[in-house]
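Chain by chain, the residues:
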Amino acid sequence: MVHPAIGSTVLNTDDVAGGESVDYWRHVISDAFVPLDAVAQAPEFHGEVRIDRLGALLVSRVDAQAHRVRRTRPMIARSERGYYKLGLQLTGSCLLVQDGNEAMLSPGDFALYDTDRPYTLAFPEATTMAVFMFPRERLRVPGGGERHVLAHRIARDDDTGSLLAPLFLRLLGRLGGTTPGATLSLADAVLDLLSALLSERIAAPAEVPHAALVARAKAFIDEHLDDPGLCPDAVAAALHVSTRYLQKLFAEEGAGVAGWIRTRRLEQCRRDLAVPGTLAKPVSAVGAAWGLPDAAHFSRAFKAAYGLSPREFRARALAGT
């Protein structure tokens, strides 16, 4: 695999005799990505690939005449493994086939595929494709959920495509620039956004009844109320769903995730304040025990919820009024 430390590596078939161009192209793309077989329609074939490395992300622009590439099980067994590739069609068209799924890509469309599973890419005409290859662990989606997005066309004009395609194009356009650090930061941000948006496309949340998912979220919240770091993002991560999806489910019940966390914390504080055995415990310590360490904030939130400060509530509760 080609790993340039700085700048770009450009490889093409220009200096190879026509009859050897396909064999050379097979060598080029296998070295740039993972071992692949290539078959061209024309005996004299032209192809060029530009390769840049941005941290864990390998970015390539492939310009080639009509051809077909495939990755077979024997190739997978004897080569470096553990990568996803994302192909963004720039010109021409491509048919991606993997695991029985077919994705026909037109300019602006893209699809994700796994180098650890056999696949075929068919380019029926002269084409340009941007290929982004990165370690599998860099794509953080709910466990097992990648099967719902691999080899599925993501159109340039749907919600995910309209957000991601321009960012991938921007990343491609910044290669070889004078600010490699900023480009690397952009690459990391794009992969993070890819993970977040693909998580929303995964069918797993839809397979779990909404009520059951909300119940699991509430149970997790109750188990971690004493953790000051408990927040909507932490709950969503524990349930392997996006924060936005979780917020939507809670909004359907008339409350946000943060609001539910606050309500449950205040309810537990109210319960403790009404117990005579906690009288020796300062009011601020009661709040801190349930994830509300800021005494002033705890007092304001408690009064907003119950109309009395924590001290006033405790005094009345213990007096029996």
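The protein appears in an unreviewed UniProt entry as Transcriptional regulator from Prauserella flavalba.

Draft legend 1. Looking closely at the pairing of strand β5 (residues 67-71). On β5, burial follows the alternation: His-67, Val-69 and Arg-71 on one face are buried, whereas Arg-68 and Arg-70 on the facing-out side are not. Pairing geometry for strand β2 (residues 37-40) and β5, over four bridges, is antiparallel. Note that in β5 the partner of Ala-38 across the bridge is Val-69. With five bridges connecting them, β5 and strand β10 (residues 119-123) associate as antiparallel partners. Bridging from a neighbouring strand, Arg-71 pairs with Tyr-119 of β10.

Draft legend 2. Structural context of the confidence of the model for the protein. Per-residue confidence for the protein gives a mean pLDDT of 86; residues scoring 70 or more make up 91%. Contacts for the low-pLDDT stretch residues 1-6, under 50 throughout, to residues beyond four places or in other chains number 18 contacts. Ignoring residues within four places in sequence, the model shows residues 203-207, a span with pLDDT below 50, making six contacts including any to other chains.

Draft legend 3. Looking closely at the packing of helix α6 (residues 210-223) against helix α8 (residues 243-252). Their axes nearest at 10 Å, the elements α6 and α8 cross at an angle of 100 degrees. Taken together, the axes of α6 and α8 lie roughly perpendicular to each other. Of α8, the residues touching α6 (which contributes His-210, Leu-213, Val-214, Ala-217, Lys-218 and Ile-221) are Tyr-245, Leu-246, Leu-249, Phe-250 and Glu-252.

Draft legend 4. View of the packing of helix α7 (residues 232-239) against α8. Viewed as axis vectors pointing N to C, α7 and α8 meet at an angle of 100 degrees, and their least axial separation amounts to 9 Å. Compared by their axis directions, α7 and α8 come out roughly perpendicular. On the side of α7, the interface is formed by Pro-232, Asp-233, Val-235 and Ala-236, while α8 contributes Thr-243, Leu-246 and Gln-247.

Draft legend 5. Just α8, in detail. Residues of α8 that are buried include every one of Tyr-245, Leu-246, Leu-249 and Phe-250, and no others. Each buried residue of α8 lies within a common arc of 135 degrees when the element is viewed along its axis, so the set occupies one face. For α8, the exposed residues lying more than 90 degrees away from the buried face are Arg-244, Lys-248 and Glu-252.

Draft legend 6. Summary view of the sheet that holds β2. Here we have five strands laid out as an open sheet, ordered β2-β5-β10-β7-β8, and antiparallel in their pairing. Lying at the two open borders of the sheet, with one neighbouring strand each, are β2 and β8 (101-105). Sheet twist, expressed as the average angle between the axes of neighbouring strands with direction ignored, equals 15 degrees. The strands that helix α1 (residues 21-32) touches are β2 and β5; relative to β2, the one it contacts most, it runs at about 145 degrees.

Draft legend 7. Here's a closer look at the pairing of strand β11 (residues 127-135). With nine of its nine residues buried, β11 lies for the most part within the structure. Across seven bridges, strand β4 (residues 57-64) lies against β11 in antiparallel orientation. Residue Ser-60 lies in a different strand from β11, and its bridge partner there is Val-131. Relative to β11, strand β6 (residues 83-91) runs antiparallel, the two sharing eight bridges. In the strand pairing of β11, Tyr-83 is matched with Pro-135.

Draft legend 8. Spotlight on unusual backbone geometry. Although it is not a glycine, Asp-99 sits at a positive phi angle of roughly 55 degrees. When you line up the elements, Asp-99 lands in the loop between β7 (94-98) and β8. Positive phi is not limited to glycine here, since His-240 has a value of about 60 degrees. Within the element layout of this structure, His-240 appears in the loop between α7 and α8.

Draft legend 9. Seen up close, the pattern of salt bridges. Enumeration according to the criterion identifies 16 salt bridges in this entry. For Arg-117, the salt bridge goes to Asp-99, with nearest N and O atoms at 2.7 Å. Here Arg-117, found in the loop between β9 (110-114) and β10, pairs with Asp-99, found in the loop between β7 and β8; they are 18 residues apart in sequence, far enough to count as distant. A residue is classified by how much of its surface remains accessible, and Asp-99, at 48% relative accessible area, is partly exposed. A salt bridge links Glu-267 to Arg-264; its shortest N-O distance comes to 2.5 Å. Of the two residues, Glu-267 and Arg-264 both sit in helix α9 (residues 257-273), three residues apart, roughly one turn of that helix.

Definitions and limits used
- Residues numbered from 1 in each chain as written.
- Predicted model: local features only at pLDDT ≥ 70, side-chain atom pairs only at ≥ 80, totals over all residues.
- Heavy atoms only, no water.
- Buried < 20%, exposed > 50% of the residue type's maximum accessible area, 1.4 Å probe, protein only.
- Helix = DSSP H or I, 4+ residues; strand = E, 2+ residues; numbered from the N terminus.
- Pairing = 2+ DSSP bridges.
- pLDDT = per-residue confidence, 0-100.
- Contact = heavy atoms within 4.5 Å.
- Axes fitted to C-alpha atoms, helices over the stretch in contact; angles between N-to-C directions.
- Parallel < 35°, antiparallel > 145°, perpendicular 65-115°, else oblique.
- Arc of directions from axis to C-beta.
- Salt bridge = Lys/Arg side-chain N within 4 Å of Asp/Glu carboxyl O.

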